[in-house]
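# Observations on the model geometry
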Amino acid sequence: ITKIRMKKKLDKGTELPPGSMGWPYIGETLQLYSQDPNVFFASKQKRYGEIFKTHVLGCPCIMLSSPEAARFVLVTQAHLFKPTYPKSKEHLIGPSALFFHQGDYHIRLRKLVQGSLSLDSIRNLVADISSTAASTLDSWDGGHVLNTFQEMKKFSFEVGILAIFGNLEAQYREELKRNYRIVDKGYNSFPTSLPGTPYRKAVLARKRLSKILGDIICERKEKRLLEKDLFGCLLNSENEKGELLTDDQIADNIIGVFFAAQDTTASAMTWIAKYLHDNQKALEAVKAEQNAIRKLNDESNQPLSWSQTRNMPFTIKVVLESLRMASIISFTFREAVADVEYKGYLIPKGWKVIPLFRNIHHNPEYFIDPQNFDPTRFEVAPKPNTFMPFGSGHHACPGNELAKLEMLIMIHHLLTKFRCC
Ligand code: HEM
């Protein structure tokens, strides 16, 4: 609190945004965790407006709930706000993963990741993603109860492997899967090095992942393959001094992509299943669209094609509306690298800055009747900067087209194979 008062004095003419810093040390963490976070943020926004301060999880924070403020932090003044993650998470993923960085290293890595996930690259994955979706669904036969999210996680991990390595030997695939699962389990657990704890197990599994990836790197280098998949791009990239990426940098970025790709896409697909189940009219419209494609392909004995995935006008609206409703990444974190002024308010250096995507997606000013699942609202493009399921600016999601493609393919197979009851 003393620090905050000093800041106020230092920066004459600018003041901290309105809001409450709660109790000493714990701030408003208890309020945040004792109620629905949607209600916590929405009630603050109602009371204080588009920018307000709070103190949660041991950090003073500035929350931003307008498209304009989010754009300020993520796009126009992005150099003043660096990405920030807890050290324990950085340790598990690997400190060289692109999303922890800003500047030249981030730009270099981002180009590689974006290039290998561009429309031109992912169009070649349709056949493989399609057969992965079909075999995932085949594994559901047998009349037992399944956990949709866990099943979708298996599918999105397989798609991640395809996008990163192309076709990877089964033995490597299994080893990666087994160890990544342990990392995933420990990711949100209490970070302690005590033996036997989920976090400690995750750290050990992460070490084994580095070793497995090291072996795959050696093998590819020996074969001198110049593949265009993400792994090939990372292996062959040289900076302006002709330097290659180190094995650790490659491994951290591969784990980083698995991490960014798996739960996000799996939760989006889980929500799509739920929204379609609850909205019969939308379900019937998607089924009609997908069955027409299936019929055409069965008659001509053709598999699902790239151009068909680009021409699913109603299904893609269901995907977009599900992304808006569920707002899987509800907000993101940045940290101010200097004192910054926004509309006369001070954002102090070192404070966390949090654009609230979910609040924007659920604001009736931008999306009429926001709690209503209505894919037809996407017949008209949303107002600029109001729809950010994949973020915005320098760190916006490079996997967004792949994510949409795998969702469309999964919906195609799911709705043409199963019926809803
Ligand atoms: C529905 C699925 C997905 C959602 C909702 C999603 C959402 C996001 C968001 C909001 C960000 C920006 C985070 C920030 O600004 O702090 C992001 C970044 C990122 N996403 Fe995704 N994502 C999805 C799928 C994927 C997939 C399939 C991949 C890769 C195959 C991927 C790779 C990445 C990477 C590497 C970044 C970091 C980019 C950077 O820092 O420059 N994502 N994602």
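Given the structure is predicted, the values throughout are model-derived calculations rather than measurements.

Attention now moves to the overall build of the protein. Helix and strand content of the protein: 18 helices and 7 strands. Rg of the C-alpha trace for the protein: 23 Å, near the compact-globule value of 22 Å for 421 residues, within the 12% margin. In terms of its C-alpha atoms, the protein occupies a principal-axis envelope of roughly 75 × 55 × 45 Å. Looking at the protein as a whole, 50% of its 421 residues are labelled buried. Considering only contacts in the protein between residues 6 or more positions apart, those separated by 24 or more positions represent 72%.

Glancing now at unusual backbone geometry. Glycine aside, a negative phi is what most residues show, and trans is what most peptide bonds show. Backbone geometry at Tyr 25 places phi at a positive 65 degrees, although glycine is not the residue there. Relative to the elements of secondary structure, Tyr 25 occurs in the loop between α1 (2-10) and α2 (29-34). Judged by relative accessible area, which is 79%, Tyr 25 ranks as exposed. Positive phi is not limited to glycine here, since Asn 385 has a value of about 65 degrees.

Turning our attention to the coordination of the iron atom of the ligand. No other protein atom reaches the iron atom of the ligand as a donor apart from Cys 397 (SG), found 2.3 Å away. On the secondary structure map, Cys 397 appears in the loop between α17 (357-361) and α18 (400-417).

For the rest of this paragraph, the subject is the pairing of strand β1 (residues 51-56). For a regular strand, side-chain orientation follows a simple rule: the groups alternate between the two sheet faces. Burial within β1 is extensive, with 6 of its 6 residues counted as buried. The alternating pattern of β1 places Ile 51, Lys 53 and His 55 and Phe 52, Thr 54 and Val 56 on opposite faces, both of which are buried. Alignment of β1 against strand β2 (residues 59-64), held across 6 bridges, turns out to be antiparallel. The residue of β2 that forms the bridge with Thr 54 is Cys 61. Counted between consecutive antiparallel strands, the loop separating β1 from β2 contains 2 residues, among which Leu 57 sits at a positive phi close to 50 degrees.

It is worth spelling out the side chain of His 412 at this point. Looking at the secondary structure, you find His 412 in helix α18. Among the polar contacts made by the side chain of His 412, one reaches the side chain of Gln 290 at a distance of 2.8 Å. Excluding anything up to four places from it in sequence, His 412 contacts Gln 290, Ile 293, Arg 294, Leu 304 and Met 312.

Before going further, it helps to examine the nonpolar core. Counting 84 residues, the largest nonpolar core has Ile 129, Phe 165, Ile 216, Phe 231 and Ile 254 as its most contacted members. With 12 residues, helix α13 (residues 247-278) is the largest single contributor of residues to this core. The residues touching Phe 231, leaving out its near neighbours within four places in the chain, are Ile 164, Phe 165, Ile 216, Ile 217, Arg 220, Ile 250 and Ile 254. In this structure, Leu 64, Leu 74, Ala 336 and Phe 357 belong to the second largest nonpolar core, which totals 21 residues.

With that settled, consider the confidence of the model for the protein. For the protein, per-residue confidence averages 93 on the pLDDT scale, and 96% of positions sit at 70 or higher. Across residues 1-10 the pLDDT falls below 50, and counting only partners more than four positions away or on other chains, this stretch makes 8 contacts in the model. Taken over the whole predicted complex, pTM reads 0.94, whereas the ipTM for its chain interfaces reads 0.99.

On to the state of the cysteines, then. Under the definition given, this model contains 0 disulfides. Free of any disulfide, Cys 59 has its nearest neighbouring cysteine sulfur in Cys 61, separated by 5.7 Å. Judged by its relative accessible area of 22%, Cys 59 falls in the partly exposed class.

Once that is clear, we can look at the sheet that holds strand β3 (residues 81-83). In spatial order, the strands read β1-β2-β7-β4-β3; together these 5 strands make up an open sheet with mixed pairing. Because the sheet does not close on itself, it has two edges, and the strands there are β1 and β3. Neighbour-to-neighbour, the strand axes of the sheet open up by a mean angle of 35 degrees, direction not taken into account. Where strand β4 (residues 334-336) meets strand β7 (residues 352-355), 2 bridges bridge the pair, whose relative direction is antiparallel. Directly across from Glu 335, in β7, lies its bridge partner Lys 352. Strands in contact with helix α4 (residues 67-76) are β2, β3, β4 and β7; relative to β7, the strand with the most contacts, it is inclined by about 125 degrees.

Parameters and conventions
- Residues numbered from 1 in each chain as written.
- Predicted model: local features only at pLDDT ≥ 70, side-chain atom pairs only at ≥ 80, totals over all residues.
- Heavy atoms only, no water.
- Helix = DSSP H or I, 4+ residues; strand = E, 2+ residues; numbered from the N terminus.
- Rg over C-alpha atoms; globule rule 2.2 N^0.38 Å.
- Buried < 20%, exposed > 50% of the residue type's maximum accessible area, 1.4 Å probe, protein only.
- Contact = heavy atoms within 4.5 Å.
- Donors = N, O, S within 2.8 Å, 3.2 Å for Na, K, Ca; no water.
- Pairing = 2+ DSSP bridges.
- Polar contact = N/O pair within 3.5 Å; in protein donor to acceptor, adjacent residues only side chain to side chain.
- Core = buried A, V, L, I, M, F, W, Y, C linked by side-chain atoms within 4.5 Å.
- pLDDT = per-residue confidence, 0-100.
- Disulfide = S-S within 2.5 Å.
- Axes fitted to C-alpha atoms, helices over the stretch in contact; angles between N-to-C directions.

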